[in-house]
Amino acid sequence: MDGNFEYAFPYIINGVNLWLTCLVFMIPLKWRNKYMVRLVLTEVGVIVMTIFMLRIVNRIWPGHRLVWIEVYMITSYFCSVLAIMICMEVKGFEAWYCGIWIGVTYMFTQELSRIAIYMLPDSISKRTKDVIWLLIFAACIIAVGFTIARWMPEKRHYVVGPRQMISAWVLGFMFNTLCMFISNGEGNVIINLMMQFYCITLLYLQNVLFKKSSISKELDTIQMLWHQQKEQYQISKETIEIINHKCHDLKHQVRAMSTMKDSSGKEKYLTEIENSVQIYNAIIHTGNDILDVILTEKSLLCENSGIHINCVADGKLLSFMDSVDLYALFGNAIDNAIEAVRDLEQKDARLIDLMIYEKQNFLIVQVVNPILNQIEFEDGLPKTTKVKNGYHGYGIKSMRHTIQRYGGYLTAEVKNGCFYLKMMAPLQKTAE
């Protein structure tokens, strides 16, 4: 019995090491429900698979080390991918890409641990060396877990496209070839290890470059929205000026007509004119000209949809912000709220509350509106697939990006049937 355990112990260590590698790469990702049960099942499965494969392959191809290494590495890769799919919420190439990282990290750390064991004195027993091997491997894997495995995912997911996946497979194949050279004793072991490290470095740089490319595309989209909002601001400003002039002229016309002596139809005519100038009530004065333009424009839109905006705002607090940034923040916020309440059946519920105030030397902006349906959140922001569904869509990312430039942050939550959008930023700051 003891002899069988001595024979199987290295295989068990290989299985435990592979599972530990899978674990450190899975921890930063998004887990499925009942993850502990799934984790235990995959742990047992990985260890059993490792023992089974190593023993079976050795019996089928005894002495053919390269063959069983190749079969074992391929099987380990598919086993790792399967474990990720069972335990994590993944999509696209995410599991396959993470499996590449598990494979190269596992084999590279195995080789480093094995070289360290060879340097130990011969007087140390084989079982002790195996335990030391496991401890060295665990230490290396923990270091990977706190660095590479944590840095690479974005929002608890790997965003991987076809090009990145194909290049990762190519690098994985190159790494696999180097592993076989090392195991077969061909060439200098140190040089082969350095080449393996070079492959891992290329794989990491590939991940960074694709991630930066994705961020660059998102920033380009935000910049495009920013320029569109700048143009819209100029149009809106001109529109408000025209309305103000028209209202001013109508007021004088009403005063002139009030002095008319002929009372035939005069009262009816005056009533019509007075109703037409009620649009002037939509003009909002907050102490900030830019905010006044934005809110007045949105108030005019709300009048046609039976939406009422309650505004309690100290616009002077916004003096440190750029005019275009103001339009980006409040234009998006009010537009999203309008879309959310426009389709409410009860007209009394079509309300939007806007508050701008100071608290402990911080600017606080809060927009509240009722919602019709539930909202799903992702990364702290409302998740949406269609802009027209009335829930805060891509523009809210632009808002968060804008407020972050002023050292602030944006939060969103649903409470008591209402959507709360809150922005905070320190006062007396200037945009970078």
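Placed above this text is the structure.
Since the structure is predicted, the reported quantities are computational estimates derived from the model, not experimental observations. (Residues numbered from 1 in each chain as written. Predicted model: local features only at pLDDT ≥ 70, side-chain atom pairs only at ≥ 80, totals over all residues. Heavy atoms only, no water.)

(A) Structural view of the packing of aromatic side chains. Summed over all chains, the structure comprises seven aromatic pairs. Each ring, one from Tyr77 and one from Phe78, has its centre 5.6 Å from the other, and the planes form 70°; the classification is edge-to-face. For Tyr77, a relative accessible area of 14% corresponds to the buried category. The partly exposed category is assigned to Phe78, whose relative accessible area is 46%. In this structure an aromatic cluster arises from ring pairing among Tyr77, Phe78 and Trp96. Here the basic side chain of Lys415 rests over the ring of Tyr420, its NZ or CZ set 5.1 Å away from the ring centre. (Phe/Tyr/Trp six-rings, centres within 6.5 Å; stacked < 30°, edge-to-face > 60°. Buried < 20%, exposed > 50% of the residue type's maximum accessible area, 1.4 Å probe, protein only. Lys NZ or Arg CZ within 6 Å of the ring centre and 35° of its normal.)

(B) Seen up close, the pattern of salt bridges. Here the structure, examined in full by the defined rule, presents four salt bridges. Of the charged contacts, one joins Lys30 and Glu89 as a salt bridge, the two residues approaching to 3.7 Å between their closest N and O atoms. Of the two residues, Lys30 is situated in the loop between α1 (2-26) and α2 (35-60) and Glu89 in the loop between α3 (65-87) and α4 (94-118); the sequence distance between them amounts to 59 residues. Relative accessible area serves as the criterion here: at 37%, Lys30 is assigned to the partly exposed category. Here Glu339 ties to Arg342 by a salt bridge, and the two come within 3.2 Å at their closest N and O atoms. The exposure class of Arg342 is partly exposed, given its relative accessible area of 33%. (Salt bridge = Lys/Arg side-chain N within 4 Å of Asp/Glu carboxyl O. Helix = DSSP H or I, 4+ residues; strand = E, 2+ residues; numbered from the N terminus.)

(C) Representation of helix α5 (residues 126-145) within the structure. In a regular helix each residue adds 1.5 Å, so 20 residues correspond to 28 Å; α5 covers 28 Å between its end C-alpha atoms and thus fits that length. For α5, every residue scored as buried is listed here: Lys129, Asp130, Trp133, Phe137, Ile141, Val144 and Gly145. The arc enclosing the buried residues of α5, seen along the axis, measures out at 150°, which places them on a common side. (Expected span 1.5 Å × (residues − 1). Arc of directions from axis to C-beta.)

(D) Up close: a nonpolar patch on the surface. A cluster of nonpolar residues, Ile166, Trp169, Val170, Phe173 and Met174, forms a patch on the protein surface that exposes about 510 Å² of accessible area. Along the chain, the position of Val170 falls in helix α7 (residues 162-183). Given the relative accessible area of 46%, Val170 is considered partly exposed. (Patch = residues over 30% accessible without salt bridge, like charges linked within 9 Å, V, L, I, M, F, W, Y side chains within 5 Å. Areas by Shrake-Rupley, 256 points an atom, 1.4 Å probe, with all protein chains shown as cover.)

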